[in-house]
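What the coordinates show
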Amino acid sequence: MDVVWVVNMELKFKETNKMFHKIVEFKGEKYLLDMTSITPKTYFWGSLPSEITAKCLKLDKRDTSFESLAPTMSKSLGIGVGVAIGGAGYGIVTNAFKSYDISHNISFKLGLFFLSIVLAYLTFRFIAFVVRHNLQQKLSSKETKYQIVFKLASSQRQLKLYKLLPILFVTVMGCLGFYIFTDNGTEASILIINSILFLGFFTVILGMLPLRESYEKQELIFEKIEKL
């Protein structure tokens, strides 16, 4: 790999209209940073790696297409589609529970509950893949691929994500209790709620890691950007 810069200068982060991505500006150059590519993610759970890396795509300096805000109509449409899919899914799973008497098959019910978590993870991965693939198609030149490298500023462990666990645990236990002790078919709605809950959790811990915040708090030191 060719090292492009090895200097301790300030990066400038900007939000984008692309999911799981941020813009990084350095020395007049502009890069689209893929937050899902941060390695190792365990740093935000308290590990102390030798370095933290993330993949990025180099943008034209004049390209502002990723900086514009997403249209309100698109957001509203996305919410509307989500509600429609959730409503349709509720009808399907509720009818299945009643038709096949799943409510009284505890082992099968538990299997479906954990399957809803797996489906949430696979959904996150699929969304991340589609977003990344579309961007790579738009910025297809091999010369645009770079890697940004950070070093730890100190040996103090960062436990930024642990505060999410109590909230997740209480919510999941509440959902599981209602799911297990309800046996009229309506508990099927919990599978949808559980999938949405874990989809949000995976989105945060795998696609929205606080890299920018750690850098701006000087917990991480920018080392270099290198061409892959």
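Scroll up for the structure.
Reading guide: rules and limits
Residues numbered from 1 in each chain as written. Predicted model: local features only at pLDDT ≥ 70, side-chain atom pairs only at ≥ 80, totals over all residues. Heavy atoms only, no water. Helix = DSSP H or I, 4+ residues; strand = E, 2+ residues; numbered from the N terminus. Buried < 20%, exposed > 50% of the residue type's maximum accessible area, 1.4 Å probe, protein only. Contact = heavy atoms within 4.5 Å. Polar contact = N/O pair within 3.5 Å; in protein donor to acceptor, adjacent residues only side chain to side chain.

**Structural notes on the environment of Ala153**
With respect to the element layout, Ala153 can be found in the loop between strand 6 (145–152) and helix 3 (164–181). Judged by its relative accessible area of 36%, Ala153 is partly exposed. Sequence separation of Ala153 and Tyr215 is 62 residues, and the distance between their C-alpha atoms is 9.3 Å. Aside from chain neighbours lying at most four places away, what touches Ala153 is Gln218, Glu219, Leu220 and Ile221.

**Some remarks on the side chain of Lys30**
Among the structural elements, Lys30 can be located in strand 4 (residues 29–34). Looking at Lys30, the relative accessible area reads 5%, which means it is buried. There is a polar contact of 3.0 Å between the side chain of Lys30 and the backbone oxygen of Asp63. In contact with Lys30, not counting residues within four places along its chain, are Ile23, Val24, Glu25, Leu57, Lys58, Leu59, Asp60, Lys61, Asp63, Thr64 and Glu67.

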